[in-house]
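As a plain string of letters, each chain reads:
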Amino acid sequence: MNTPAKITAFVAALAASFGAAYGVGNAVTPIAAPEPAAHAGKHGSDASGGSADHQEGGGHDTPPGGLQISQSGYSLDLKTPSVPAGEKSTIRFAVRDDSGRQLTAYRREHGKELHLILASRDLGTYRHLHPTRAADGTWSTDTELPKAGGYRLFADFKPAVKGAENLTLGADLAVTGSYRPAALPGPSRTAKVDGYTVTLDGRLRPGAEDELKLKVTKDGRPVTDLQPYLGAYGHLVALRAGDLAYLHVHPNGAPGDGKTKPGPEISFTATAPSPGSYRLFLDFQHQGTVRTAAFTVRAGGTAGDAAAEKDAQQEPESHGSHQH
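Bear in mind the structure is a predicted one, so any value in this text is a computation, not a measurement.

(A) Highlighting the overall build of the protein chain. In terms of helices and strands, the protein chain carries one helix and 20 strands. For the protein chain, the residues scored as buried account for 50% of the 324 residues in total. Sequence-distant contacts, at least 24 apart, represent 68% of the contacts inside the protein chain between residues at least 6 apart. Working note: accessible area of the protein chain is about 14,400 Å², and carbon and sulfur atoms make up 48% of it.

(B) Looking closely at the nonpolar core. Core analysis: the largest hydrophobic core is formed by 28 residues, its most contacted members being Leu204, Leu280 and Phe284. The residues touching leucine 280, leaving out its near neighbours within four places in the chain, are Leu200, Leu204, Leu212, Leu236, Val237, Ala238, Ala293, Ala294, Phe295 and Val297. In terms of nonpolar packing, the next biggest core, distinct from the first, is built from 25 residues, Ile69, Leu78, Leu145 and Ala171 among them.

(C) Region of interest: the side chain of asparagine 252. Looking at where asparagine 252 falls in the secondary structure, it is placed in the loop between strand E17 (246-249) and strand E18 (265-270). Residue class for asparagine 252 comes out buried when judged on its relative accessible area of 19%. Reaching out from asparagine 252, the side chain makes a polar contact with the side chain of threonine 269 at a distance of 3.1 Å.

(D) Main features of the environment of valine 83. Within the element layout of this structure, valine 83 appears in strand E4 (residues 82-84). Residues in contact with valine 83, not counting those within four places in the same chain, are Ser89, Ile91, Leu145, Leu173, Ala174, Val175 and Thr176.

(E) The arrangement of the pattern of salt bridges in detail. By the definition in use, this model includes 11 salt bridges. For aspartate 77, the salt bridge identified is with arginine 96, shortest N-O distance 2.9 Å. Residue aspartate 77 is found in strand E3 (residues 74-78), and its partner arginine 96 is found in strand E5 (residues 88-96); the two are separated by 19 residues along the sequence. Of the two residues, aspartate 77 and arginine 96, both sit in the buried class. Between glutamate 113 and arginine 133 there is a salt bridge; the shortest N-O distance is 2.9 Å. Taken together, the positions of glutamate 113 in the loop between E5 and strand E6 (114-120) and arginine 133 in strand E8 (residues 132-133) put the pair 20 residues apart, joining distant regions of the chain. Within the structure, one salt-bridge network assembled from shared partners comprises Asp77, Lys79 and Arg96.

Conventions we followed
- Residues numbered from 1 in each chain as written.
- Predicted model: local features only at pLDDT ≥ 70, side-chain atom pairs only at ≥ 80, totals over all residues.
- Heavy atoms only, no water.
- Helix = DSSP H or I, 4+ residues; strand = E, 2+ residues; numbered from the N terminus.
- Buried < 20%, exposed > 50% of the residue type's maximum accessible area, 1.4 Å probe, protein only.
- Contact = heavy atoms within 4.5 Å.
- Areas by Shrake-Rupley, 256 points an atom, 1.4 Å probe, with all protein chains shown as cover.
- Core = buried A, V, L, I, M, F, W, Y, C linked by side-chain atoms within 4.5 Å.
- Polar contact = N/O pair within 3.5 Å; in protein donor to acceptor, adjacent residues only side chain to side chain.
- Salt bridge = Lys/Arg side-chain N within 4 Å of Asp/Glu carboxyl O.

The analysis is restricted to geometry; functional conclusions fall outside its scope.
Have a look at this one:
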């Protein structure tokens, strides 16, 4: 893009619910499929249980991205509420309008009609998928999720209707099997994936814009020939720990604009909705393969929090190549 794409600032009064969605311990708990949920209601309903927060100084509710299953007259209908852990499965869903019809007309955003994000509640597993749409509006995608537990599915799209806004609707997905709780990965500024090292520079600040720079190297050498992926050199998704509020941003500049270089740095402008812990996932493409690097950062907090994050040397888990 020729102008910087910025994350919409959420309400400063949003109270994030931090901590793992499940307790941390050694006990193994079986996860079973949930009872089938009723279809979401019409405009304004929130069948997911996600709260809509009042906009400061405004007269209407402005829910954070991905916390609602229904918004602006559209609802996410998850037809596959559960899948088994460790097995290749097909996930099916649809977007319904306020008349209950499945949406079949979308505007292409960054080369796709719809972007699908899957993340475990402990933020240890992440998938950025691009499902296919049938003529009747049913979307489907194949994936394999390695661990049992609670997951959140995010559908990021824009209806092909005049004046329609970009929406991110969310629904819960159960991955069945024996579940072993895991803590949120500690603060990290370096991620390693498939021989690449990605370093993060900059701060994520509550209620204020700041630049985040991510530098990609391989074998100690800067990568200066990143390849465009969905019209950009990198894509960044941020999820708030606890409730998994969703932020999806794209880099400052675009391939072919005459000023944006193909690496080693990818620049983003970001605003955190509230203080707390966030998990950042960067997708980048090199030599024909899309890879994902993950980081944990703190927004706001004390000087001690910032120092701990800066000095953290933990080795993040590898997320490997991107799934399509």
